[in-house]
Amino acid sequence: MLTPVSAPLIITLTLDAEAHTYYTGLREQHFPPERNYLQAHVTLFHHLPGEQVAAVQQQLLGVAARTAPLLLQVTGVRFLGRGVAYTLENTALQQLHRQLQTAWSEWLLPQDRQPLRPHITVQNKVDPAQARALHEQLATDFAPSTVTGLGFTVWAYEGGPWRELFRVPFAGPVPA
């Protein structure tokens, strides 16, 4: 059994190694170095209670046992105002997110009650003109692609870099 943690929990989608390496490289190129203490990630939930870590793990284990790795479409480059992200689409991920929202409804803050808009941020917290220039550059060179979601990663948010607590791989049958 996991020991409760005092820090809030963050749940991300675990990316395949190739995608993780590629998007982390873009973060290293374009994120302000003094603020870039995370690697590429897809946040599913921003703030769950750390004292519920065992219940969160149990819920994720159940969902992951029925979920095959998810092929996500990288569909575009999104301007964030002060940053840039790649947009992702996958219907099964949306359904999975809604299922977890229902299970954890009493714990969710407003941000986590919103519909999921999956993305990988490669730049944030920069001057809007700098972000717009990168958006234009990346949008010009953009070609649709795919990444694979392999499971969940659970983190403790301790005010700066996140501390990885555990991973839960998707173990469901792959559709024929």
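Residues numbered from 1 in each chain as written. Predicted model: local features only at pLDDT ≥ 70, side-chain atom pairs only at ≥ 80, totals over all residues. Heavy atoms only, no water.

1. With respect to the overall build of the chain
Convention followed: Working definition: helices are DSSP H or I runs of at least four residues, strands are E runs of at least two. Numbering for both runs from the N terminus. For this measure, only C-alpha atoms enter the radius of gyration; the expected value for a globule follows 2.2 Å times N^0.38, where N is the number of residues. Only protein chains enter the area calculation, which uses a 1.4 Å probe; residues under 20% of their type maximum are buried, those over 50% are exposed, and those in between are partly exposed.
Each helix and strand counted, the chain has 5 helices and 7 strands in total. For a compact globule of 176 residues, the expected C-alpha radius of gyration is about 16 Å, and the chain comes in at 16 Å, within 12% of that figure. Each of the three principal axes of the chain carries a C-alpha extent, and together these read 45 × 45 × 25 Å. Residues counted as buried form 48% of the 176 residues belonging to the chain.

2. Overview of the side chain of H135
Operational definition: The term polar contact refers here to a pair of N or O atoms within 3.5 Å; inside protein, the definition further demands a hydrogen-donor-capable atom paired with an acceptor-capable atom, and it admits residues adjacent in sequence only when both atoms are side-chain atoms.
For H135, the position within the fold is in helix α5 (residues 128-141). A polar atom in the side chain of H135 sits 3.1 Å from the backbone oxygen of V77.

3. Brief notes about the pattern of salt bridges
Quick note on the threshold: Definition used for salt bridges: Asp or Glu carboxyl oxygen within 4 Å of a side-chain nitrogen of Lys or Arg.
Per the stated rule, a full pass over the model turns up 2 salt bridges. A salt bridge links E158 to R163; its shortest N-O distance comes to 2.9 Å. Taking the relative accessible area as the measure of exposure, E158 reaches 45% and is therefore partly exposed. Residue classification places R163 among the partly exposed positions, given a relative accessible area of 37%. A salt bridge links R167 to E164; its shortest N-O distance comes to 2.9 Å. Looking at E164, the relative accessible area reads 36%, which means it is partly exposed.

4. Quick word on helix α3 (residues 91-103)
The condition that has to hold: Take the residue count of a helix, subtract one, and multiply by 1.5 Å to get its expected span. Whether two residues are in contact is decided by their heavy atoms: any pair within 4.5 Å suffices.
Counted at 1.5 Å a residue, the expected span for α3 with its 13 residues is 18 Å, and the 19 Å between its end C-alpha atoms agrees. Those residues of α3 that are buried are in contact with β1 (9-15), β2 (42-48), α2 (53-65), β3 (70-79), α4 (110-113) and β6 (145-157). Its side-chain oxygen placed 2.9 Å from the backbone nitrogen of A92, N90 serves as the N-cap of α3.

5. Some details on the packing of aromatic side chains
So the rule is basically this: In this scheme Phe, Tyr and Trp rings, the latter by its six-membered ring, pair at centre separations within 6.5 Å, and the angle between planes marks the pair as stacked below 30 degrees, edge-to-face above 60, and tilted otherwise.
The full count for this structure, using the stated rule, is 6 aromatic pairs. Here the aromatic rings of F45 and W104 are separated by 5.1 Å at their centres, their planes lie at 75°, and the arrangement is edge-to-face. Taken together, the residues F45 in strand β2 and W104 in the loop between α3 and α4 connect sequence positions 59 residues apart. Using a relative accessible area of 1% as the deciding quantity, one classes W104 as buried. Joined through ring pairs, the aromatic side chains of Y22, Y23, Y86 and F142 make up one cluster.

6. Quick look at the nonpolar core
The condition that has to hold: Joining through side-chain atoms within 4.5 Å is the link that ties buried Ala, Val, Leu, Ile, Met, Phe, Trp, Tyr and Cys residues into a set, and such a set is a nonpolar core.
I11, Y23, L44, L48, L60, W104 and F152 are the most contacted members of the largest nonpolar core, which has 42 residues in total. By residue number, the principal contributor to this core is α2, which donates 5 residues. Among residues more than four places away in sequence, those in contact with W104 are I11, F45, L48, V56, Q59 and L60.

7. Considering the environment of A171
By secondary structure assignment, the location of A171 is in the segment after β7 (162-169). With 42 residues separating them along the chain, A171 and A129 place their C-alpha atoms 43 Å apart. Setting aside its immediate chain neighbours within four residues, A171 contacts A64, A65 and T67.

8. Some details on helix α1 (residues 17-30)
What counts is decided by this rule: As used here, the arc is the angular range of directions from the helix axis to the C-beta atoms.
In this model α1 runs 20 Å from its N-terminal to its C-terminal C-alpha over 14 residues, within 8% of the 20 Å that 1.5 Å per residue would give. Listed in full, the buried residues belonging to α1 are A19, Y23, T24, L26, R27 and H30. With its buried residues spanning 155° around the axis, α1 presents them on a single face. Exposed residues lying more than 90 degrees from the buried face of α1 are A17, E18, T21, E28 and Q29. Buried residues along α1 sit in contact with β3, β4 (84-89), β5 (119-123), α5 and β6. The opening residue of α1 is D16, an N-cap whose side-chain oxygen sits 3.3 Å from the backbone nitrogen of E18.

Coordinates in, geometry out; function isn't part of it.
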